[in-house]
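# Observations on the model geometry
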Amino acid sequence: MAKKVAIIGAGPAGLTAAYLLGKAQQEVVVFEKDPQYVGGISRTETYKGYAFDIGGHRFFSKSKEVEDFWTEILGDEMLERPRSSRIYYNKKFFSYPLVAMEALQKLGIIESGLCVLSYLQAKMFPVKNPTNFEDWVTNQFGKRLFNIFFRTYTEKVWGIPCKEISADWAAQRIKGLSLSSAIWNALFKPKASGGKDKVIKTLIDSFRYPKRGPGLMWETCRDKCIAMGVQVEMNCGAKGVHQEAGKWSITTTDGRTFEGFDHVLSSAPIRELIPSIQPQLEASGYQAAQKLGYRDFLTVVLICKDEDAFDDNWIYIHDPSVKVGRIQNFKSWSPYMVPDPAMACYGLEYFCFEGDGLWTSKDEDLIALATKEMVQIGLTKASAVVDGYVVRQPKAYPVYDHTYKENVEAIREALKPYPGIYLMGRNGMHKYNNQDHSMMTAMLAAKNIIAGEELYDVWNVNEDAEYHEGGLRGEEDTQKVVGRLVPKRVQ
Ligand SMILES: Cc1cc2nc3c(=O)[nH]c(=O)nc-3n(C[C@H](O)[C@H](O)[C@H](O)COP(=O)(O)OP(=O)(O)OC[C@H]3O[C@@H](n4cnc5c(N)ncnc54)[C@H](O)[C@@H]3O)c2cc1C
């Protein structure tokens, strides 16, 4: 018999679950609080015909199941795009992934030598059992490289000192922003793991990308869901999640109540979901949810005359003299993102906290700041900027501070008396997931529901970001990628 499933959020996790459940003829209602966009953080917004992501979104996964899913949804509408990215530091641009000789030359022989010495010192006298980001990275690369290439960018992203960031994050995400790991690879390990070819293959140089951004993927997925009978309620936040006599009901921000669900799949931020659950969770879980932290994010989109300034997809800004953390060049992601070939569209990414000075700045002030910083970095002239637009994204990043893990554990424990509810996705599980891992959690939840038994532990999907920088696309099936994804009954 078909199960009735409520899905909170029409982001990648929610729509993946909806698609798989719809295909298996389950009865599905998706609740999305946004009035217009599906795709969540992976949406594509538009302004005067210009399309842009909330941070450029690469489609790359080691999971064959995820890659196949994207192909099934978009087919030929997925482009194969070359990857080009650089790091801006100390008024210089470094290729990323790094080219060893170029880096040596740009850092200078003396600085490079000092980095090597500091690396050797860290190897001889490592911090024992590092628990924070600074100590973990210093152990790996030495203090000097940490100070040059990690501290500024990381503290821009998280807004807290590196000593307050859990070493977990470093272990999972280090390659995503690491010039120093690239320097380290280039200087110390060029042949260490199977010769030059292997090293080159582990640094992804192309990725798939939907013709008109990630939004196209999720809008098409939504349309296919609806065609299969899935009900998608937009502008309809879930504000109450009630369990009674083994069934769930959802009350929504527009005052309606939807009843009779066997399951609830939530990709809403845990800190918001938990207080909405009735009966209320026991105090330990309830309070733990309130302690989870988030980092917010805004993109200032600048529409400029295209003066061929650069063709990178994105540039990391490691330089402390500007506030911007990363710059996207959306025409390089896909030419279809820009309606006029004579124009370019850049996205300047600023990391902030909801309510702080940046977040509450007027849009025109943010556009002026972004213009000033683009000119300072040398990527455009003020006279080339013709228009601007600001997109704010609350809860862009779940914060990995020193207590997040125990808080998530306490919440999972407190949810045990609530059968039928699954947390999934990025903020839904407080995991620093990319789309693919968010989707995998949804796939496993859907598989459990379709099977009518708990075959998989959704929490075993890990978020190891090395998949985005290393490894080959679709080389493994989902079971292998997540490693411990063995059906529970055979464990
Ligand atoms: C700057 C940046 C760059 C990124 N780059 C990449 C990349 O290159 N490649 C990649 O694969 N991933 C990337 N990601 C990660 C990717 O955006 C996320 O992994 C993905 O969007 C998570 O999907 P999700 O469905 O779990 O959550 P979300 O995308 O957060 O979607 C959740 C949805 O739930 C809705 N919602 C929340 N609460 C409620 C409620 N109470 N009721 C109803 N609806 C609700 C939200 O409006 C949203 O639509 C990036 C993220 C950021 C911030």
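Residues numbered from 1 in each chain as written. Predicted model: local features only at pLDDT ≥ 70, side-chain atom pairs only at ≥ 80, totals over all residues. Heavy atoms only, no water.

## A word on the overall build of the chain
- The helix and strand tally for the chain stands at 20 helices and 20 strands.
- Per-residue burial over the chain gives 58% buried out of 491 residues.
- In the chain, once contacts between residues fewer than 6 apart in sequence are set aside, the share between residues at least 24 apart is 74%.
- Of the roughly 20,000 Å² of accessible surface on the chain, 52% is carried by carbon and sulfur atoms. (Helix = DSSP H or I, 4+ residues; strand = E, 2+ residues; numbered from the N terminus. Buried < 20%, exposed > 50% of the residue type's maximum accessible area, 1.4 Å probe, protein only. Contact = heavy atoms within 4.5 Å. Areas by Shrake-Rupley, 256 points an atom, 1.4 Å probe, with all protein chains shown as cover.)

## Quick notes on the side chain of Thr154
- Mapping Thr154 onto the fold places it in helix H6 (residues 143-158).
- Classification of Thr154 as buried rests on a relative accessible area of 0%.
- From its side chain, Thr154 meets the backbone oxygen of Phe150 in a polar contact 2.6 Å long. (Polar contact = N/O pair within 3.5 Å; in protein donor to acceptor, adjacent residues only side chain to side chain.)

## Quick look at the site of the ligand
- Neighbouring the ligand are 34 residues, the closest being Glu32, Ser42, His57, Arg58 and Asn433.
- Note that an oxygen atom of the ligand is positioned 2.9 Å from one of the backbone N or O atoms of Arg426.
- Coverage of the ligand by the protein chains reaches 92% of its 1,000 Å² of free accessible surface.
- Going through the elements one at a time, helix H1 (12-23), strand E19 (385-398) and helix H18 (435-451) are the ones with two or more residues in the shell around the ligand.
- Residues of the shell around the ligand, tallied by class, amount to 13 nonpolar, 16 polar and five charged.
- Mapping the shell around the ligand onto the domain boundaries places at least three of its residues in each of domain 1 (4-38 + 214-292 + 401-467) and domain 3 (294-398). (Near = heavy atom within 4 Å. Nonpolar A, V, L, I, M, F, W, Y, C, P; charged D, E, K, R; others polar. Domains from an automatic or database assignment.)

## Looking at the environment of Trp359
- Positionally, Trp359 belongs in helix H14 (residues 357-360).
- A sequence separation of 35 residues divides Trp359 from Pro394, and the C-alpha atoms of the two residues are 9.5 Å apart.
- What Trp359 contacts, discounting residues up to four positions off in sequence, is Asp296, Phe297, Leu298, Cys352, Phe353, Glu354, Arg392, Gln393 and Pro394.

## A look at the pattern of salt bridges
- This structure, assessed with the given rule, holds 26 salt bridges.
- Residue Lys33 is joined to Glu272 by a salt bridge in which the shortest nitrogen-to-oxygen separation is 4.0 Å. Placement of Lys33 in the loop between strand E2 (27-31) and strand E3 (44-47) and of Glu272 in helix H11 (residues 270-276) is noted, with a sequence separation of 239 residues between them.
- Judged by relative accessible area, which is 56%, Lys33 ranks as exposed.
- Residue Glu272 is classed as partly exposed on the basis of its relative accessible area of 37%.
- Asp254 is the salt-bridge partner of Arg256, the closest N and O atoms lying 3.0 Å from each other.
- Residue class for Arg256 comes out partly exposed when judged on its relative accessible area of 34%.
- For Asp254, a relative accessible area of 39% gives the class partly exposed.
- Through salt bridges with shared partners, a single ionic network connects Glu134, Lys143, Arg151 and Glu155. (Salt bridge = Lys/Arg side-chain N within 4 Å of Asp/Glu carboxyl O.)

## Looking at H6
- The end-to-end C-alpha separation of H6 is 20 Å, well short of the 22 Å expected for 16 residues at 1.5 Å each.
- Buried residues of H6: Leu145, Phe146, Ile148, Phe149, Phe150, Thr152, Tyr153, Thr154, Lys156, Val157 and Trp158, and no others. (Expected span 1.5 Å × (residues − 1).)

## What about the packing of helix H5 (residues 133-141) against H6?
- Closest axis-to-axis distance for the H5/H6 pair is 9 Å, and the angle between their directions is 140 degrees. Taken together, the axes of H5 and H6 are oblique relative to one another. Regarding H5 and H6, the two cross each other, and that crossing is right-handed. Across from Phe133, Glu134, Val137, Thr138 and Phe141 in H5, the residues of H6 making contact are Lys143, Leu145, Phe146, Phe150, Arg151 and Thr154.
- For the contact of H5 with H6, a count of residues per class yields six nonpolar, two polar and three charged. (Axes fitted to C-alpha atoms, helices over the stretch in contact; angles between N-to-C directions. Parallel < 35°, antiparallel > 145°, perpendicular 65-115°, else oblique. Left-handed = near helix turned anticlockwise from the far one by under 90°.)

## A closer look at the sheet that holds strand E18 (residues 343-352)
- In space, the seven strands of this open sheet follow the order E7-E6-E16-E17-E18-E15-E19, with mixed pairing throughout. Two strands lie at the open edges of the sheet, namely strand E7 (92-96) and E19, each paired on one side alone. Within the sheet, the average angular offset between the axes of one strand and its neighbour, ignoring direction, is 20 degrees.
- Examined bridge by bridge, strand E15 (residues 294-305) and E18 share 10 bridges and lie antiparallel to one another. Of the residues in E18, the one forming a bridge with Phe297 is Phe351.
- Together, strand E6 (85-89), E7, E15, strand E16 (314-317), strand E17 (326-329), E18 and E19 form the strand contacts of H6, whose direction differs from that of E15 by roughly 100 degrees. (Pairing = 2+ DSSP bridges.)

## Structural notes on the pairing of strand E8 (residues 206-210)
- Burial within E8 is extensive, with four of its five residues counted as buried.
- Taken together, the five bridges between strand E5 (residues 78-82) and E8 define a ladder with antiparallel strand orientation. Looking at the pairing, Met78 lines up with Pro210 of E8.

## Here's the deal with the confidence of the model for the chain
- Across the chain, the average pLDDT comes to 88, with 86% of residues at or above 70.
- Note on residues 464-471: pLDDT under 50 across the span, and 33 contacts to partners over four residues away in sequence or across chains. (pLDDT = per-residue confidence, 0-100.)

## A closer look at the packing of aromatic side chains
- Tallying each qualifying case throughout the model produces 28 aromatic pairs.
- Seen in terms of ring centroids, Tyr88 and Phe93 are 4.9 Å apart; in terms of plane orientation they differ by 45 degrees. Their pairing is tilted.
- For Tyr88, a relative accessible area of 6% puts it in the buried group.
- Judged by its relative accessible area of 17%, Phe93 is buried.
- Over the ring of Tyr294 we find Lys395; its NZ or CZ atom is 5.3 Å from the centre of that ring.
- One residue, Arg426, lies across the ring of Tyr432, its end atom 5.0 Å from the ring centre. (Phe/Tyr/Trp six-rings, centres within 6.5 Å; stacked < 30°, edge-to-face > 60°. Lys NZ or Arg CZ within 6 Å of the ring centre and 35° of its normal.)

## Comments concerning the nonpolar core
- Core analysis: the largest hydrophobic core is formed by 122 residues, its most contacted members being Ile7 and Leu265.
- Counting residues in hydrophobic clusters, the runner-up holds 28 residues, among them Ile317, Ile327, Tyr346 and Leu358. (Core = buried A, V, L, I, M, F, W, Y, C linked by side-chain atoms within 4.5 Å.)

## Quick notes on the environment of His437
- Mapping His437 onto the fold places it in helix H18.
- Sequence spacing of His437 and Gly425 is 12 residues, and the spatial spacing of their C-alpha atoms is 7.3 Å.

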